[in-house]
Amino acid sequence: MNALVDNNFANSAAQQRGLLRFITAGSVDDGKSTLIGRLLFDSKGIFADQLDAISRARHKRTVGDMIDLSLLTDGLEAEREQGITIDVAYRYFATPKRKFIIADAPGHEQYTRNMVTGASTADAVIILIDVSKVKVDAEGKAELLIQTKRHSTIAQLLQIQHVIVAVNKMDLVNYDRAVYDRIVTAYHEFATTLGLKDIHTLPMSALAGDNVVVRSEQMAWYQGPTLIELLESLSVYDDEHAAELRFPVQLVARHNGHEAQDFRGYMGRIEAGSVRKGDKVMVQPSGQHGTVKDILTLDGSLEQASAGKSVTILLEEYLDISRGDMLVAADAPAALLKNFSADVCWLSEEPLDLRRRYWLKHTTRQVAAKVSSIESLLDINTQQRGPATELKLNGIARLGITVQQALAADSYQQMRATGSFILIDEISHQTVAAGMIRQD
């Protein structure tokens, strides 16, 4: 029988702190998968048969009997053969104080789109920096890698609450504090230009386990928390709970339509705010008004439901509502947009074509859209925006977008769920871009 150490899932402290979703990011071979493997291994979050399997793996990159912990997340055969991460791997683990969901994102530039996907729901990001790859310029300053800057930029655009800079592989520089301080100074200077606020830094060695779960004896000069202590202490404030109601309709449920007492329920997930019986709501984009009659779940009727809850809402009135419509607070509706600006990360190998039409998917609504202009292109190195005539894979740009039918939307700064969208190729049906609506 698989033996998994009891992590005390019912611990009240873990329930109070809530689930933390975080993603690891960084350049190629910075040790992201090894770090996650070390977190799982040292926190006793590995099944016995998993440990046995990776200890006998034929693609291990460690010497002697040392276990290659990166194999815990590098699940694809191609990943193990090449020693890299290609897809986003999700893992769950828990400590007595908290529960976690980890997303291991690839470091290669060509897979930046995978990092965007994994980071879109993250509360925190761990940006790993390999000390052996950081060069020093003529003035003695550390030069950050382009992927470190790219992933930090994406974290800022997606408004990830917490940024943890893990300076990894300190064992390769004999745990030299001067090397660590030089890198941290360079990162803080770059973060200032980005506007990142909640930044935590720590030195570590994922391979040796220094400052991951166990405090390092090699770096007595570092007095801060270990990585797991830091993750356990991070606060997660969900802005959506304090916002106004946003309820995109996924499905209109009906049964017994031949009877006099017809059932008509609107099913979906509350993306923001809360709803209670008797609330006045507006249907967007049509502008119809209604009153909440009941809120149903599989467990029965509720008096009130909040953001994150999947429910079926019944209204007193019979209204023309279909999938893609949104129920909102009657006194605080979303903006109806047909022309807007958005920050977009281009995910397709084919560059943006201003002559083509795309499908725009926003919450549960899908409409025809056209990119009217490239307003500016972001330079990752300088953080300056400049004019551009094309947008290629992994490029980040401010675009002007026109949609055929109005969208009930908010700016991404206000609400992530109703301020984000994806663009879909009309012919291939491939997702070509991820965007964030801006209303500056």
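Everything numeric in this text was worked out from a predicted model, so none of it was measured. (Residues numbered from 1 in each chain as written. Predicted model: local features only at pLDDT ≥ 70, side-chain atom pairs only at ≥ 80, totals over all residues. Heavy atoms only, no water.)

A. How the structure looks around the pairing of strand β19 (residues 357–362). Burial along β19 is one-sided: Tyr-358, Leu-360 and His-362 are buried, while Arg-357, Trp-359 and Lys-361, pointing the other way, are not. In the sheet, β19 pairs with strand β20 (residues 365–378) via six bridges, with the strands oriented antiparallel. Counted as the bridge partner of Lys-361 is Gln-366 from β20. Count of turn residues in the β19/β20 antiparallel hairpin: two residues, of which Thr-363 carries a positive phi of about 50°. Here four bridges tie β19 to strand β23 (residues 420–425), and the two strands are oriented antiparallel to one another. Looking at the pairing, Tyr-358 lines up with Asp-425 of β23. (Buried < 20%, exposed > 50% of the residue type's maximum accessible area, 1.4 Å probe, protein only. Helix = DSSP H or I, 4+ residues; strand = E, 2+ residues; numbered from the N terminus. Pairing = 2+ DSSP bridges.)

B. How the structure looks around the pattern of salt bridges. Tallied over the full model, the rule gives 17 salt bridges. Measuring nitrogen to oxygen at the nearest pair gives 3.5 Å for the salt bridge that ties Glu-229 to Arg-215. With Glu-229 in helix α8 (residues 227–233) and Arg-215 in the loop between β8 (199–203) and α8, this residue pair connects regions lying 14 residues apart in the sequence. What makes Glu-229 partly exposed here is its relative accessible area of 37%. One salt bridge connects Asp-343 with Arg-385, and the closest N-O pair in it is separated by 3.3 Å. (Salt bridge = Lys/Arg side-chain N within 4 Å of Asp/Glu carboxyl O.)

C. Fine view of the side chain of Asp-425. Relative to the helices and strands, Asp-425 resides in strand β23. For Asp-425, a relative accessible area of 6% corresponds to the buried category. A distance of 2.8 Å separates a polar side-chain atom of Asp-425 from the backbone nitrogen of Ser-428. For Asp-425, the contacting residues outside a window of four places in its chain are Arg-356, Tyr-358, Trp-359, Gln-430 and Val-432. (Polar contact = N/O pair within 3.5 Å; in protein donor to acceptor, adjacent residues only side chain to side chain. Contact = heavy atoms within 4.5 Å.)

D. Here's a closer look at the sheet that holds strand β1 (residues 20–26). On the basis of which strands lie adjacent, the open sheet formed by six strands has the order β2-β3-β1-β4-β7-β8 and mixed pairing. Strand pairing shows two members of the sheet lacking a second neighbour, β2 (89–95) and β8, which therefore form its edges. Strand-to-strand twist in this sheet, taken as the mean axis angle between neighbours without regard to direction, amounts to 25°. In this structure, strand β4 (residues 124–130) lies alongside strand β7 (residues 162–168), joined through seven bridges in parallel fashion. Looking at the pairing, Leu-128 lines up with Ala-166 of β7. Helix α5 (residues 112–119) contacts β1, β2 and β3 (98–104) of the sheet and is inclined by roughly 160° relative to β1. Packing against the sheet, helix α6 (residues 146–157) makes contact with β1 and β4, and its axis sits at approximately 170° to β4. (Axes fitted to C-alpha atoms, helices over the stretch in contact; angles between N-to-C directions.)

E. Looking closely at the packing of aromatic side chains. In the structure shown here, the tally under the stated rule is five aromatic pairs. Centroid distance Phe-22 to Phe-100: 6.1 Å. Interplanar angle 80°. Geometry classified as edge-to-face. With a gap of 78 residues between them, Phe-22 in strand β1 and Phe-100 in strand β3 connect regions that are remote in the sequence. Phe-100 shares its class with Phe-22; the two are buried. (Phe/Tyr/Trp six-rings, centres within 6.5 Å; stacked < 30°, edge-to-face > 60°.)

F. Highlighting the nonpolar core. Residues Phe-22, Ile-126, Tyr-187, Leu-227 and Leu-231 are the most contacted members of the largest nonpolar core, which totals 69 residues. With nine residues, the top contributor of residues to this core is helix α7 (residues 177–194). Filtering out sequence-adjacent residues up to four positions away, Leu-231 remains in contact with Leu-20, Phe-22, Leu-39, Arg-98, Phe-100, Ile-126 and Ile-164. Formed by 24 residues, the second largest nonpolar core is a distinct cluster that contains Leu-337, Tyr-358, Ile-401 and Leu-423. (Core = buried A, V, L, I, M, F, W, Y, C linked by side-chain atoms within 4.5 Å.)

G. Representation of unusual backbone geometry in the model. With an omega dihedral of 15°, the bond running from Gln-284 to Pro-285 counts as a cis peptide bond. With respect to the helices and strands, Pro-285 occurs in the loop between β12 (280–284) and β13 (288–297). Even without being a glycine, Asn-211 presents a positive backbone phi close to 65°. By the element assignment, Asn-211 lies in the loop between β8 and α8.

H. Looking closely at the pairing of strand β17 (residues 326–329). Two strands pair when backbone bridges link them, and strand β9 (residues 246–255) and β17 are joined in this way by three bridges, in the antiparallel orientation. Its bridge partner lying in β17, Pro-248 is registered against Met-326.

So far we have only geometry, and geometry alone does not tell us how the molecule works.
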